[in-house]
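Spelled out, the chains give:
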Amino acid sequence: MIRNYLKTAWRNLVQNKTTSFISMAGLAVGICSFLLLATYLTNELRYDRFNTNAGRISRLTFSYKSADDKEVNTTALTPTAPVPVFKQQLADIEDGVRVVNYSNMRAAVVQFGDKLFKEKKMLVADASFFKIFTFKFLSGNPATALANSTSIVLTASTAEKYFGDEDAMGKILKVDQKNSMIVTGVIEDVPEYSQIKFDMMGSYAMMPRSLNLAWSSSNDYSYILLKPGANREAVAKQMTDYINKDRPASGGKMWFGLEPLTRVHLYSTAGKGLEPSGNIKYVYILGFVAIVLLVLACVNFLNLVTARSAERAKEIGVRKVMGAMRGQLFVQFIAEAGIITLFSLIAGVLLLSALLPVFSNFTGQQLSLQTWNPEWLILALVTLFVVVTLLAGTYPSLYLSAFKPIVTLKGGSSMQAGGNMLRKSLVVFQFVVSVFFIISTIIAGNQLRYIQSLNTGINRDQVLVLDLGGMGYNQIESFKGEIGQQTGVLGSTASYDSPVNVGGGYSINTAEGKNADFNLSVTAIPVEKSFTKTLGIKLIAGNDLDLGDEQQVMDTSADKRRYSFILNEAAVKGMGWKPEQAIGKKIGLNGRMGTIKAVAKDFNFASLHEEITPIVMFPEYDWFGKLLVKTSGKNTANTIAAIASKWHKFYPNSPFEYHFLDQEFDAMYKTDQRTGGILTAFTVVTILISCLGLFGLAVFSTRQRIKEIGIRKVLGAGVASIAGLISFDFIKLVLIAIVISSPLAWFAMNKWLQDFAFRVSIQWWVFVLAGGMAALIAFLTVGYQSIKAALSNPVKSLRSE
Amino acid sequence: MLSLQHISKYYQVGGNKNFVVNDISLDVDEGEFVSIMGPSGSGKSTLLNIIGMLDEPNDGYHYFVNQPVHQLKEKQRAALYKQYIGFVFQAYHLIDELTVYENIETPLIYQDVKGSERKAMVADMLDRFQIVGKKDLFPAQLSGGQQQLVGIARALIAKPKLLLADEPTGNLNSKQGEEIMELFRKLNKEDGVTIIQVTHSEKNAEYGSRIINLLDGRVESSRKF
Ligand SMILES: Nc1ncnc2c1ncn2[C@@H]1O[C@H](COP(=O)(O)OP(=O)(O)OP(=O)(O)O)[C@@H](O)[C@H]1O
Ligand SMILES: [Mg+2]
């Protein structure tokens, strides 16, 4: 029996090559897309789960609200004290570790013999790190690897970079020319799906601040390993109680929180972590896209099968008369669906393995079939097979097996194949989805372009960022002088960090005319006097910093030292002042006393997902991390080469590295852009699948109407009128789809845009453009068939009837 | 074997009922060989389809081997059909995707006959109708007459107790037609198969033991020999 089914199924496939191919191609593309997205999502969802203790590890967050803050500030950065103190005080905590970049401001310069590299991914952590997290040691002992302040653990590829094939253990690396570090372990490269990524890991003990336990000054990331069975929330509460125990009630409030390790990557709202995090919303969106693509491909299949029902009606009738029960026929058609699904699945998986490397590149993630656990992959494929077979096969099977034999045998099949309405609805459905995707990608594209090109109040075009790494100001000053001579350099300014990385943790705690307990949390950045000028930040009141301000803060006597502050509009508003009122007011920023000299127009120093928050810029010349060089943008390569050669003269022991400020801004929208890119790619796939379906239906419909077309031609209809007649039938469906889809897309995208503090408004032309695109694509798809039909020889089509 | 009582079948055309079978009552005993005749459009095929349970009448009672067909569910009807009836269609109705061999084999498959047994039975049929050489061809590769033979072979393979044939010789030459009629007579006499055939040929009709003439959906005359 089964053999008989398979035989008929196979012959059916072969006989209807075009439509079989369309069904399979559509399904294969759908399945491949589904698996691509599933691989991507698997990768997102498996983040950090490779840690054996993943379920018990939490990241510590720290929240505070100063008296005059409107909102609670939450950060993942913590002071030095919590980990060692809580580990001792709280019974439910098994272990804890502080992890932090060796230097936030710049890369470490690491030397071995004549090999000198800048290492961007050097972290330091407490000795417990490798006991809490699971990284595979190729040599060395995880328990003791970070025991000394001179210990350093390398990843396999870093070890190879310095030592080639030689054994790395015990070798000595010079870090920043001052620290000699002994390699105490080599681990496998850190997987992409770890939130803690590093090429080398030093000991936290090498940080000067490791010596004192402080409850202020948050600089580290802390991870806590709870005892099995311990309640995360209860522990967080104990921590919060502990820290608030001896605090006066009047001041601000503080909280500790524990984020489960496995939720940090996708769910954390605690701001900047060790790496930019993902976004659970995008996981949902892409998951939805994956399912929609699969459904679309199934719909295609379903549509083509029911379209062919007219042709199969007779076979069904005969089989029924021969004694086939409905159930048996149902099984037969399901078997046919199964065969097509199987072929498509195979093609889809082949396509998947071919496309995964491309997709990895595209998404910037390491994706391969290895992303999957093998059992899971097999389970997924089997499930996919069953689901697709049922999804695509059930309806047609039910539909076909229910045919009444007498009606089909009397040739009344066309009457019964009244699935016409259904088929049209399905085509409309496909195009609703396609148009939805087109609109969404256009709007998402607009928004992403918008936030990247938005005048952020900072002129960041052609601004080079150089790593200064805390060089003395005099040296910086003369280096600036040298490159200032260079053609192409318009100006340069040193600052604590790049304007994208303005740090929190400051507060204005004394202010003229405010109560003694006034306290407003702000972000702040120590800058040079030329900062606003170089970056084109506009001042709306007061005057820019000048030499006098510079001299005032450089005063060696702390008593006489006076600061001049520049506040942005948001900060002034937070103080409850008008810009003009603020000028000349005396304030204190964490003990730095001075006056407000200027008010800057709001500019974006953080992601445009967020509203602009208060910021204070103040001159302070003791530590500069970055040099921002404004170039003319002409002959940039020459300019950079010239700066590089000056750099080597000034700092022979430090490699020259630079990037553009623009890149830093772009990096803030990496997740958005990545998702946008994926969305665009799959919009194309959606359209492709829908067009395959439409094409298939056009093939059928023209085949069915071949006699009508023949007669019309004999009666004198022209090619254009016939092609138009057929095309219009389909275009009509697409038009209906556009009408249905537009409000849905509008609604969804409006929602998505809410995520951005700065957003485009949705323009009507987007809908026109999307609709026009869909209609044009549909027309091209159907047009070919229509014209072919219109050109066919009428005598031939009539005779074959 | 079967009994039709006041069976009517009509189509609604405009506001009118257009009777195709009009109040026909008919009893057929086991072992009979009935020929149905009548002009084109007189309702012969419709009547045969009703007898074969392929079509449902609008009115009347229908008993088959003492079972009230008008009360049975589709499933039960199909089971009854499978057990008793073989049908030869006016328009052959072979399955285009299957070869001659497979077409003939199909009813056996649905009756769960074992593979080896099927082989023997199909071989026997191919032999009987002298179409062994055509067994691997598809219907589209056969002439109309050959297709008709395959259709008959297919109807007979499951050894039905009641054979319903709608112009079984319509596309055959007179010699072939005669052979088929001889075969029917032999089945009827020796194996006791009840046969109801529709035919336009007076000569073929006379192979039967009873001839029923239809006109406009009514029995115009009925002769028994
Ligand atoms: N679906 C239908 N709607 C309306 N009338 C129908 C339908 N099907 C059949 N008829 C009518 O029923 C009548 C009987 O048809 P039937 O096929 O039984 O004739 P017949 O006697 O077998 O003719 P022939 O000798 O040409 O095969 C015809 O007049 C036909 O027009
Ligand atoms: Mg007829």
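Everything numeric here is computed off the predicted structure, so don't read it as measured data.

Basis of the calculations
- Residue indices follow the written sequence of each chain, beginning from 1 at its first position.
- Whichever chain is written first is A, and whichever ligand is written first is 1; the rest continue in order.
- Given that this is a predicted model, residues contribute local features only at a pLDDT of at least 70 and side-chain atom pairs are listed and counted only at 80 or more, while totals for whole chains, interfaces and linings are drawn from all residues.
- Just so you know, side-chain values use all the structure's heavy atoms and leave hydrogens and water out.
- Starting at the N terminus, helices and strands are each numbered in turn, a helix being any DSSP run of H or I of at least four residues and a strand any DSSP run of E of at least two.
- Two things to know: the radius of gyration comes from C-alpha atoms, and the globule rule equals 2.2 Å times the number of residues to the power 0.38.
- Here, residues are in contact when the closest pair of their heavy atoms is within 4.5 Å.
- We count Lys and Arg on the positive side and Asp and Glu on the negative side, and we leave His and both chain ends out.
- For this purpose, a charge sits on NZ of Lys, CZ of Arg, CG of Asp or CD of Glu.
- Burial classification: accessible surface area is computed with a 1.4 Å probe over protein chains only, and a residue below 20% of its type maximum counts as buried, one above 50% as exposed, and the rest as partly exposed.
- All accessible-area figures derive from a Shrake-Rupley calculation using a 1.4 Å probe, and residue coverage is judged against the displayed protein chains alone.
- In this description, buried area is defined as the sum, over both parts, of the accessible area (probe of 1.4 Å) that is lost when the two are combined.
- Every case where a carboxyl oxygen of Asp or Glu lies within 4 Å of a side-chain nitrogen of Lys or Arg is listed as a salt bridge.
- Residue classes follow a fixed rule: Ala, Val, Leu, Ile, Met, Phe, Trp, Tyr, Cys and Pro count as nonpolar, while Asp, Glu, Lys and Arg count as charged, and any other residue, Gly among them, counts as polar.
- Throughout this document, a residue counts as near a molecule or strand when at least one of its heavy atoms sits within 4 Å of that molecule or strand.
- For the purposes of these results, a polar contact is taken to be a pair of N or O atoms within 3.5 Å, where, inside protein, one atom must be able to donate a hydrogen and its partner to accept one; residues adjacent in sequence count only when each atom of the pair is a side-chain atom.
- When two cysteine sulfur atoms are found within 2.5 Å, that pair is recorded as a disulfide.
- Within this scheme, the nonpolar core is defined by two criteria: the residues are buried Ala, Val, Leu, Ile, Met, Phe, Trp, Tyr or Cys, and they are joined through side-chain atoms within 4.5 Å.
- Those domain boundaries reflect an automatic or database domain assignment.
- pLDDT runs from 0 to 100 and stands for how confident the predictor is about each residue.
- Any two strands are treated as partners once DSSP identifies two or more bridges connecting them.
- To get an axis, fit a line to the C-alpha atoms, keeping to the stretch in contact for a helix; angles then go from 0 to 180 degrees between the N-to-C directions.
- The span one expects for a helix is its residue count, reduced by one, times 1.5 Å.
- To count toward a patch, a residue needs a relative accessible area over 30% and no salt bridge; like charges are then connected within 9 Å, while nonpolar side chains (Val, Leu, Ile, Met, Phe, Trp, Tyr) are connected within 5 Å.
- UniProt positions are given in the numbering used here, feature names are shortened, and annotations may be inferred rather than shown by experiment.
- Working definition: rings of Phe, Tyr and Trp (its six-membered ring) pair if their centres are within 6.5 Å, and the pair is stacked with planes under 30 degrees apart, edge-to-face with planes over 60 apart, and tilted otherwise.
- In this scheme, Lys NZ or Arg CZ marks a charge over a ring once it lies within 6 Å of the ring centre and within 35 degrees of the ring normal.
- In what follows, roughly perpendicular refers to angles from 65 to 115 degrees, roughly parallel to angles under 35, roughly antiparallel to angles over 145, and oblique to any angle outside these ranges.
- Handedness of a helix crossing follows the sense of rotation of the near helix relative to the far helix, less than a right angle counterclockwise being left-handed and clockwise being right-handed.

Concerning the overall build of chain B
Item 1. A count of helical and extended segments in chain B gives seven helices and 10 strands.
Item 2. Computed over its C-alpha atoms, the radius of gyration of chain B comes to 18 Å, within 12% of the 17 Å expected for a compact globule of 225 residues.
Item 3. Structurally, chain B occupies a C-alpha span of about 50 × 40 × 40 Å along its principal axes.
Item 4. Partitioning the intrachain contacts of chain B with sequence separation of at least 6 by distance along the chain shows that 68% fall at a separation of at least 24.
Item 5. Considering chain B, the positive charge centre built from 25 side chains and the negative charge centre built from 29 side chains are found 3 Å apart.

Observations regarding the overall build of chain A
Item 1. Of regular secondary structure, chain A possesses 26 helices and 25 strands.
Item 2. Along the first, second and third principal axes, the C-alpha atoms of chain A reach 110 × 60 × 55 Å.
Item 3. Counting across all 801 residues of chain A, residues that qualify as buried make up 55%.
Item 4. In chain A, the share of contacts with a sequence separation of at least 24, taken over all contacts with a separation of at least 6, comes to 80%.
Item 5. Taken as a whole, chain A presents about 34500 Å² of accessible surface, with 59% of it coming from carbon and sulfur.
Item 6. Counting 79 positive and 60 negative side-chain charges, chain A places the centres of these two groups 13 Å from one another.

A word on the interface of chain A and chain B
Reports of interface size often rely on the accessible area that becomes lost once the parts have come together.
Item 1. Contacts between the two partners involve 25 residues from chain A, matched on the other side by 27 residues from chain B.
Item 2. Interface of chain A and chain B: buried area, both sides summed, is about 2400 Å²; carbon and sulfur atoms make up 59% of it.
Item 3. Applying the counting criterion to the chain A and chain B interface returns one salt bridge.
Item 4. Among the secondary structure elements, those contributing two or more residues to the side of chain A that touches chain B are α1 (2-15), α9 (309-321), α10 (326-363) and α12 (405-409) of chain A.
Item 5. It is α1(A) that contributes the most residues to the side of chain A that touches chain B, seven residues altogether.
Item 6. Its residues placed into classes, the side of chain A that touches chain B shows 10 nonpolar, seven polar and eight charged.

Things to note about the site of ligand 1
Item 1. Around ligand 1 sit 14 residues, and of these S40(B), G41(B), K44(B), S45(B) and T46(B) come closest.
Item 2. Chains contributing residues near ligand 1 are chains A and B.
Item 3. Here G41(B) contributes a backbone N or O atom positioned 2.9 Å from an oxygen atom of ligand 1.
Item 4. T46(B) is positioned such that a nitrogen or oxygen atom in its side chain is 2.5 Å from an oxygen atom of ligand 1.
Item 5. Isolated, ligand 1 exposes 640 Å² of accessible area, and the fraction of that covered by the protein chains is 63%.
Item 6. By residue number, the principal contributor to the shell around ligand 1 is helix α1 (residues 44-51) of chain B, which donates three residues.
Item 7. Among the residues forming the shell around ligand 1, the class breakdown is three nonpolar, eight polar and three charged.

Here's the deal with the state of the cysteines
Residues and elements named next belong to chain A.
Item 1. Using the criterion set out here, one finds zero disulfides over all chains in the structure.
Item 2. In this structure C298 is not part of a disulfide, and its nearest cysteine sulfur, from C32, lies 15 Å away.
Item 3. The thiol sulfur of C691 is not disulfide-bonded, and the nearest other cysteine sulfur, from C298, lies at 18 Å.
Item 4. Residue C691 is classed as buried on the basis of its relative accessible area, which comes to 11%.

Overview of the pattern of salt bridges
Residues and elements named next belong to chain A.
Item 1. This model, assessed by the stated rule, comprises 30 salt bridges over all chains.
Item 2. Residue E550 pairs with K529 through a salt bridge whose shortest N-O separation is 2.3 Å. Remark: K529 occurs in the loop between β18 (520-527) and α16 (531-535) and E550 occurs in helix α17 (residues 547-554); sequence separation between them is 21 residues.
Item 3. With a relative accessible area of 23%, K529 lands in the partly exposed category.
Item 4. Of the charged contacts in the structure, one is a salt bridge between K597 and D549, with a shortest N-O distance of 2.8 Å. With K597 in strand β22 (residues 592-600) and D549 in helix α17, this pair connects stretches of sequence that are 48 residues apart.

Here's the deal with the nonpolar core
All names here are of chain A.
Item 1. In terms of nonpolar packing, the biggest core is built from 55 residues, with F431, I439, I443, L694, F730 and W752 touching the most fellow members.
Item 2. For this core, the elements supplying multiple residues, two or more each, are α2 (17-45), α8 (280-307), α14 (420-453), α22 (670-704), α24 (719-753) and α25 (764-791).
Item 3. In terms of residue count, the dominant contributor to this core is α14 (13 residues).
Item 4. Of the residues that make up this core, three or more belong to each of domain 1 (1-50 + 277-414) and domain 3 (418-449 + 669-801).

A word on the confidence of the model for chain B
Item 1. Residues with a pLDDT of 70 or more make up 100% of chain B, whose mean pLDDT is 88.
Item 2. For this predicted complex, the interface score ipTM comes out at 0.74, alongside a pTM of 0.73.

Structural notes on the sheet that holds strand β1 (residues 2-13) of chain B
Residue and element names in this part refer to chain B.
Item 1. Here four strands make up an open sheet; going across it, the order is β2-β1-β4-β5 and the pairing antiparallel. Every interior strand has two partners, whereas the edge strands, β2 (16-28) and β5 (67-68), have only one.
Item 2. Bridge count between strand β4 (residues 59-64) and β5: two bridges; the pairing is antiparallel. Paired with F64 across the two strands is Q67, which belongs to β5.

What about the sheet that holds strand β6 (residues 85-88) of chain B?
All names here are of chain B.
Item 1. Pairing is mixed in the open sheet, where six strands are placed in the order β6-β7-β8-β3-β9-β10. Looking along the sheet, the strands with just one partner apiece sit at the ends: β6 and β10 (218-224). Averaged over all adjacent pairs, the angle separating strand axes in this sheet is 15°, with direction ignored.
Item 2. Relative to strand β9 (residues 210-215), strand β3 (residues 33-37) runs parallel, the two sharing four bridges. Within β9, the residue paired with V34 across the bridge is R210.

Overview of α8(A)
Structurally, the α-helix is built with 3.6 residues per turn, so residues lying three or four positions apart point the same way.
All names here are of chain A.
Item 1. In this model, α8 (28 residues) spans 40 Å end to end at C-alpha, consistent with the 40 Å of a helix rising 1.5 Å per residue.
Item 2. Of all the 28 residues making up α8, 21 are buried; the element is thus mostly covered by neighbouring parts of the structure.
Item 3. The residue sitting at the N-terminus of α8 and contributing the capping side-chain oxygen is N279; that oxygen lies 2.9 Å from the backbone nitrogen of K281.

Regarding a nonpolar patch on the surface
Item 1. Together, W764(A), W765(A), V768(A), L769(A) and M773(A) line one region of the surface with nonpolar side chains, adding up to about 530 Å² of accessible area.
Item 2. As for its placement among the helices and strands, M773(A) is situated in helix α25.

Focus: the UniProt feature "domain: ABC transporter" (unreviewed entry) in chain B
Item 1. Feature annotation in UniProt assigns "domain: ABC transporter" (unreviewed entry) to the following positions: residues 2-225 of chain B.
Item 2. From the first C-alpha to the last, residues 2-225 of chain B spans 19 Å; its make-up is 35% helix and 29% strand.

Section: the confidence of the model for chain A
Item 1. Across chain A, the average pLDDT comes to 83, with 94% of residues at or above 70.
Item 2. Contacts of residues 412-417 of chain A to residues separated by more than four positions or lying in other chains number 14 contacts, the stretch itself having pLDDT below 50.

Some thoughts on the packing of aromatic side chains
All names here are of chain A.
Item 1. Throughout the structure, instances matching the rule amount to 44 aromatic pairs over all chains.
Item 2. Aromatic ring contacts, followed pair by pair, group F50, F129, F130, F133, F135, F137, Y193, F198 and Y223 into a single cluster.
Item 3. When the ring centre of Y193 is taken as reference, the NZ or CZ atom of R46 above it lies at 3.5 Å.
Item 4. When the ring centre of W577 is taken as reference, the NZ or CZ atom of K585 above it lies at 5.0 Å.

Considering the packing of helix α3 (residues 100-110) of chain B against helix α5 (residues 144-156) of chain B
Helix packing for two helices is described by the angle between their axes and how far apart those axes are.
Residues and elements named next belong to chain B.
Item 1. Contact geometry for α3 and α5: axes closest at 7 Å, N-to-C directions at 30°. One finds that α3 runs roughly parallel with respect to α5. In this structure, the crossing between α3 and α5 has a hand that is right-handed. For the pair α3 and α5, the contacting residues are V100, N103, I104 and P107 in the first and V150, A153 and R154 in the second.
Item 2. Grouping the constituent residues of the contact of α3 with α5 by class yields five nonpolar, one polar and one charged.

Some words on the side chain of T61(A)
Item 1. The topology assignment puts T61(A) in strand β1 (residues 57-65).
Item 2. Once residues within four sequence positions are removed from consideration, T61(A) is found in contact with T74(A), T75(A), A76(A), W255(A), F256(A), G257(A), L258(A), E259(A) and A270(A).

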